[in-house]
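# Coordinate analysis (summary)
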Amino acid sequence: MGAVLEKSMRLECKCHGVSGSCTTKTCWTTLPKFREIGYILKEKYAHAVHVEPVKASRNKRPKFLKIKKPHSYRKPLDTDLVYIEKSPNYCEADPLTGSLGTQGRVCNKTMMQHISGCDLMCCGRGYNTHQYSRVWQCNCKFLWCCYVKCNTCSERTEVYTCK
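Below is a summary of the structure that appears in this document.

Reading guide: rules and limits
- Residues numbered from 1 in each chain as written.
- Predicted model: local features only at pLDDT ≥ 70, side-chain atom pairs only at ≥ 80, totals over all residues.
- Heavy atoms only, no water.
- Helix = DSSP H or I, 4+ residues; strand = E, 2+ residues; numbered from the N terminus.
- Rg over C-alpha atoms; globule rule 2.2 N^0.38 Å.
- Buried < 20%, exposed > 50% of the residue type's maximum accessible area, 1.4 Å probe, protein only.
- Contact = heavy atoms within 4.5 Å.
- Areas by Shrake-Rupley, 256 points an atom, 1.4 Å probe, with all protein chains shown as cover.
- Salt bridge = Lys/Arg side-chain N within 4 Å of Asp/Glu carboxyl O.
- Core = buried A, V, L, I, M, F, W, Y, C linked by side-chain atoms within 4.5 Å.

The subject of this paragraph is the overall build of the protein. Scanning the protein from terminus to terminus reveals 3 helices and 8 strands. When the helices and strands of the protein are read in sequence order from the N terminus, they spell out α-β-β-α-β-β-β-β-α-β-β. Compactness check: the protein gives a C-alpha radius of gyration of 28 Å against a globular reference of 15 Å for 163 residues, more than 25% above the reference. Seen along its three principal axes, the alpha-carbon backbone of the protein occupies a region of about 95 × 65 × 25 Å. Within the protein, buried positions represent 15% of all 163 residues. At a minimum sequence separation of 6, the contacts of the protein that also span at least 24 residues come to 35%. Taken as a whole, the protein presents about 13600 Å² of accessible surface, with 56% of it coming from carbon and sulfur.

Structural data, given as structure tokens:
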């Protein structure tokens, strides 16, 4: 995380002087926007490298990490996000890892391949369709002296939740 922040820092400057001239310049380093850091970390998570510790022969303590592949002794790069154990299955609830699963989550039926789409979000379990009707007063008009006349509008909507 620290390396990601350090590489994303940028220099910002402000000029001071008469009529916008830059006789004096103040500069400082600033963090990137929170959303930008999130995108970088999400990309690192998607390409994380599975590693295993290699123990020293004498004291049996881990000496370094290597990429976990048969017949591989390559070390991960300093910029890689690494993991020793695989992530939990986010589809199913697991109180030990704190994963709530996706059952009951609202999904988007029209954006099937998107992360919020029902196919991906529901992990292939399918989804339930809930139909709702909403009624409200609309197109209200004030009639001469003391009377308001409104139409009744209604709307049917569908909400999709994961099975």
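The next thing to look at is the pattern of salt bridges. All told, the structure shown has 3 salt bridges when counted by the stated rule. Linking Arg10 and Glu36 is a salt bridge whose minimum nitrogen-to-oxygen distance equals 3.0 Å. Of this pair, Arg10 sits in strand E1 (residues 10–16) while Glu36 sits in helix H2 (residues 34–46), placing them 26 residues apart in sequence. Here Arg10 falls in the partly exposed class, since its relative accessible area comes to 35%. Taking relative accessible area as the criterion, Glu36 reaches 30% and is therefore assigned partly exposed. Across the pair Arg134 and Glu155 runs a salt bridge, and its minimum N-O distance is 3.5 Å. Here Glu155 lies in strand E8 (residues 147–162) and Arg134 lies in strand E7 (residues 127–143), a separation of 21 residues in the sequence. Residue classification places Arg134 among the partly exposed positions, given a relative accessible area of 46%.

What follows deals with the nonpolar core. In terms of nonpolar packing, the biggest core is built from 6 residues, these being Cys107, Cys118, Met121, Cys122, Tyr160 and Cys162. Apart from residues no more than four positions distant in its own chain, Tyr160 is found in contact with Arg105, Val106, Cys107, Lys109, Cys118, Tyr127, Asn128 and Thr129.

The next subject is unusual backbone geometry. Excluding glycine, residues mostly have negative phi values, and the peptide bonds linking residues are mostly trans. The backbone of Asn139 sits at a positive phi, close to 50°, despite the residue not being glycine. Topologically, Asn139 is positioned in strand E7. A positive phi angle, close to 55°, is found at Cys145, a residue other than glycine. Mapped onto the secondary structure, Cys145 falls in the loop between E7 and E8. Take Cys145: its relative accessible area is 46%, and that puts it in the partly exposed class.

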